[in-house]
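Chain by chain, the residues:
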Amino acid sequence: MTILDAAPPTAPVPVVAPAGPTRRGRRAAAGAATAATGSATTGTGTPTAATGTAAGSGTPTAATGTAASGSSTVPTGTLATTVAGTDPRGRFAARTAHVADVARHVADEVDRDARPPREAIAAMREHGLLAAAVPTEFGGEGATLAELSVIATELGRACAATAMVFAMHQGQAMALWRHGGDGAGVTDLVAGVRDGALLASSTTERGIGGDARRSTCALEPDAAGRIRLRKDAPVISYATEADAILVTARRSVDAAASDQRVVVCLPEHTTLTQTSTWDTLGLRGTCSNGWLLDAETTADHVLRDDYATVSARTVLPVSHVLWASVWLGIAADAADRARAAVRKQARAAVGTTPPGALRLAELLVELQALADSVRHAAERFDVVAEDADVLDSTAFALSANALKIGASERVTDLVTRSLRIVGIAGYATSGPSSIARHLRDAHGAAVMVSNDRLLHNDAGMALMTGALL
């Protein structure tokens, strides 16, 4: 992918500079530089090294057991604790725990510098988490959404940015084999995901108010049989780290704004020119900069189904479940810090009940309720995943939106209550009791696909049917 460099993150709108090396070229150079040590390093502007490529896909694979950040080494082998309702004996538990350890170690740095969690992404590749949902018929492990939900929660406990990368990737990946068809470009990418490829997406555009179900840009075929596309995207998360970007566009220049298709844009077919920076309150490591995306590809890279179908049956329900799972993880880690604070108080005054104990008990009730709603939604999707009538129903859309809205409102409340239990140590921006990053990340939930927009959409649907219970 050609990346046209922009100004530093502090500048409002950068000036486009001449094209530099492609991201794949930079990865290859980094991999060669660190192959002898087998470790991934990070420094100012230096991507995490990868020492090999995935068979058949050209996708870098992590070959490291540790990752370095400055002079520190990421600890490995420590199993993360699990949220009530998860299965610690699950087939992905040990791998998830390892990745969470890596993510946790660099989370503060990722947040501070607003840079991608490259070490954690490399660990997700190495341990097969990016490929977890690939169906067994394509050589994958066929993870269910319920299993993906547990992974997202555990990653969310460690680093919300890492967990959101995982969650956004899975929604796009599942769209490939559920809606992509048998075009060579699509099937090759399914194999790439199986081997560790990371997928990003570009759905919104400037001038349409964040409505992903409408596009201004269009697919423009030429006489040579190629397809051109230009999309002015206000945000594309972790675009510089992705091995492909799935882009929505009108079917043709004459098509209606809602007549959309999904196009696989590979690095070798794509140029990204940065148009804005991502300097936000929270979720800083998702690096959702603005980009002008120019691509030239072929028809076999266009998914078979229209975007309305892809969204209703896969991307929307899967994304809402996995986002909510991430927010559950944020809330769970904040609650763990609150519990640690109350236990410390109890040890200091043996025989008395600390003032925060009652508040902690109330907090855990609400946390469990959120966990139950998230797990229920994940399991419900697994039951109806192949039932088009249910997936296309108004009731199912209402239930998916309800999960997103409810979870995004609950997470800020749970984190705030945890902060009050911990007290001033939780209000600090650093330290083992700090809940500052959790609170900032939690506030991104309600504005990431605006709750007001979802409620506006729900208002009309609610007149026709009730929620799917």
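Above this text you will find the structure in question.
Only a predicted model underlies this, so the values are computations on that prediction, with no experimental measurement involved.

Colleague: Would you mind going over the overall build of the protein chain with me for this structure?
Modeller: When its secondary structure is counted, the protein chain shows 13 helices and 12 strands. Out of the 469 residues in the protein chain, the part that is buried amounts to 52%. Of all intrachain contacts in the protein chain linking residues separated by at least 6 positions in sequence, the fraction that spans at least 24 positions is 74%. Approximately 19100 Å² of the protein chain is accessible, and the part contributed by carbon and sulfur atoms is 56%.

Colleague: How should I be thinking about the pattern of salt bridges in this particular structure?
Modeller: If charged atoms from side chains of opposite charge come close, those side chains can pair. Across all of its chains, the model carries 28 salt bridges by this definition. Ionic pairing is found between Arg157 and Asp336, a salt bridge with its closest N-O pair at 2.0 Å. Linking Arg157 in helix α4 (residues 145–158) with Asp336 in helix α7 (residues 307–348), this pair joins segments that are 179 residues apart in sequence. As a salt-bridge pair, Arg337 and Asp333 come within 3.1 Å of each other at their nearest N and O atoms. You can see Arg337 and its partner Asp333 sitting in helix α7, 4 residues apart, about one turn around the helix. On the basis of relative accessibility, which here comes to 21%, the residue Arg337 falls in the partly exposed class. Salt bridges linked by common partners bring Asp222, Arg226, Arg228 and Glu296 together as one network.

Colleague: Could you clarify how one ought to interpret the pairing of strand β11 (residues 270–276) in this entry?
Modeller: On any regular strand, side chains alternate: one points to one face of the sheet, the next to the other face. Within β11, 5 of the 7 residues are buried, leaving the element largely enclosed by the surrounding structure. Of the pairings in the sheet, the one linking strand β1 (residues 2–4) to β11 comprises 3 bridges and is parallel in character. Along β11, the bridge assignment pairs Leu4 with Thr273. Bridge count between β11 and strand β12 (residues 289–298): 6 bridges; the pairing is antiparallel. In the sheet register, Thr273 faces β12, and the bridge partner there is Leu292.

Colleague: Which parts of the structure should I look at to understand the sheet that holds strand β8 (residues 226–236)?
Modeller: For sheets, the rule is that strands pair by backbone hydrogen bonds, running either parallel or antiparallel. With respect to topology, 5 strands assemble into an open sheet ordered β1-β11-β12-β8-β7, the strand pairing being mixed. Single-partner strands in this sheet number two, and they are β1 and β7 (220–221).

Colleague: Even after reading the chapter, I still don't get the packing of helix α2 (residues 93–113) against helix α3 (residues 118–126), so can you show me in this structure?
Modeller: Relative to each other, α2 and α3 sit at 175°, their axes nearing to 8 Å. Between α2 and α3, the interaxial angle falls into the category roughly antiparallel. In this structure, α2 uses Val99, Val102, Ala103 and Val106 to contact α3, whose residues at the interface are Glu119, Ala120, Ala123 and Met124. In terms of residue class, the contact of α2 with α3 is built from 7 nonpolar, no polar and 1 charged.

Colleague: Hey, could you run me through the pairing of strand β10 (residues 260–265) in this one?
Modeller: Where burial is concerned, most of β10 is hidden: 6 out of the 6 residues are buried. The alternating pattern of β10 places Gln260, Val262 and Val264 and Arg261, Val263 and Cys265 on opposite faces, both of which are buried. Strand direction decides the pairing type here: strand β9 (residues 244–250) and β10, joined by 6 bridges, are antiparallel. Bridged to Ile245 within β10 is Cys265.

Colleague: Help me understand unusual backbone geometry in this model?
Modeller: As a rule of thumb, non-glycine residues mostly have phi less than zero, and peptide bonds are mostly trans rather than cis. A positive phi angle, near 50°, is found at Leu283, a position not held by glycine. Here Leu283 is to be found in the loop between β11 and β12. Positive phi values are uncommon outside glycine, yet Val449 reaches one of about 60°.

Colleague: Just to check I follow, could you spell out the environment of Arg104 for this structure?
Modeller: Along the chain, the position of Arg104 falls in helix α2. C-alpha separation for the pair Arg104 and Ala120, spaced 16 residues apart in sequence, amounts to 8.8 Å.

Colleague: Can you help me understand the sheet that holds β10 in this one?
Modeller: Taken together, 3 strands build an open sheet; the order of strands is β6-β9-β10 and the sheet is mixed. The outermost strands of the open sheet, each flanked by one partner alone, are β6 (199–202) and β10. Geometrically, the sheet is characterised by an average inter-axis angle of 25° between neighbouring strands, direction not taken into account. Across 4 bridges, the pairing between β6 and β9 is parallel. Looking across to β9, one finds that Ser201 is bridged to Leu246.

Colleague: Got a minute to help me understand the nonpolar core in this structure?
Modeller: Soluble globular proteins tend to bury their nonpolar side chains together. With 119 residues, the main nonpolar core has Leu148, Leu176, Ile245 and Trp327 as its most contacted residues. The dominant element in this core, judged by the number of residues it contributes, is α7, at 19 residues. If we skip the residues at most four places from it in the chain, Leu148 touches Ala132, Ala133, Ala143, Phe166, Gln170, Met174 and Leu322.

Colleague: Teacher, can you tell me more about the side chain of Ser215 here?
Modeller: With respect to the element layout, Ser215 can be found in the loop between β6 and β7. With a relative accessible area of 3%, Ser215 lands in the buried category. A polar side-chain atom of Ser215 sits 2.8 Å from a polar atom in the side chain of Gln260.

Colleague: Explanation requested: the packing of helix α5 (residues 160–179) against α7 in the structure shown.
Modeller: Each pair of packed helices gets described by two things: the angle between the helix axes and the distance between those axes. Following both chains from N to C, one finds α5 and α7 inclined at 160°, their axes separated by 9 Å at the closest point. The angle between the axes of α5 and α7 places the two elements in the roughly antiparallel class. In terms of crossing hand, the pair formed by α5 and α7 is right-handed. On α7, the residues that touch Ala160, Ala163, Met164, Ala167, Met168, Gln170, Gly171, Gln172, Met174, Ala175, Arg178 and His179 of α5 are Thr309, Val310, Arg313, Thr314, Val315, Val318, Ser319, Leu322, Trp323, Val326, Trp327 and Ile330. Among the residues forming the contact of α5 with α7, the class breakdown is 15 nonpolar, 7 polar and 2 charged.

Reading the values: the criteria
Residues numbered from 1 in each chain as written. Predicted model: local features only at pLDDT ≥ 70, side-chain atom pairs only at ≥ 80, totals over all residues. Heavy atoms only, no water. Helix = DSSP H or I, 4+ residues; strand = E, 2+ residues; numbered from the N terminus. Buried < 20%, exposed > 50% of the residue type's maximum accessible area, 1.4 Å probe, protein only. Contact = heavy atoms within 4.5 Å. Areas by Shrake-Rupley, 256 points an atom, 1.4 Å probe, with all protein chains shown as cover. Salt bridge = Lys/Arg side-chain N within 4 Å of Asp/Glu carboxyl O. Pairing = 2+ DSSP bridges. Axes fitted to C-alpha atoms, helices over the stretch in contact; angles between N-to-C directions. Parallel < 35°, antiparallel > 145°, perpendicular 65-115°, else oblique. Nonpolar A, V, L, I, M, F, W, Y, C, P; charged D, E, K, R; others polar. Core = buried A, V, L, I, M, F, W, Y, C linked by side-chain atoms within 4.5 Å. Polar contact = N/O pair within 3.5 Å; in protein donor to acceptor, adjacent residues only side chain to side chain. Left-handed = near helix turned anticlockwise from the far one by under 90°.

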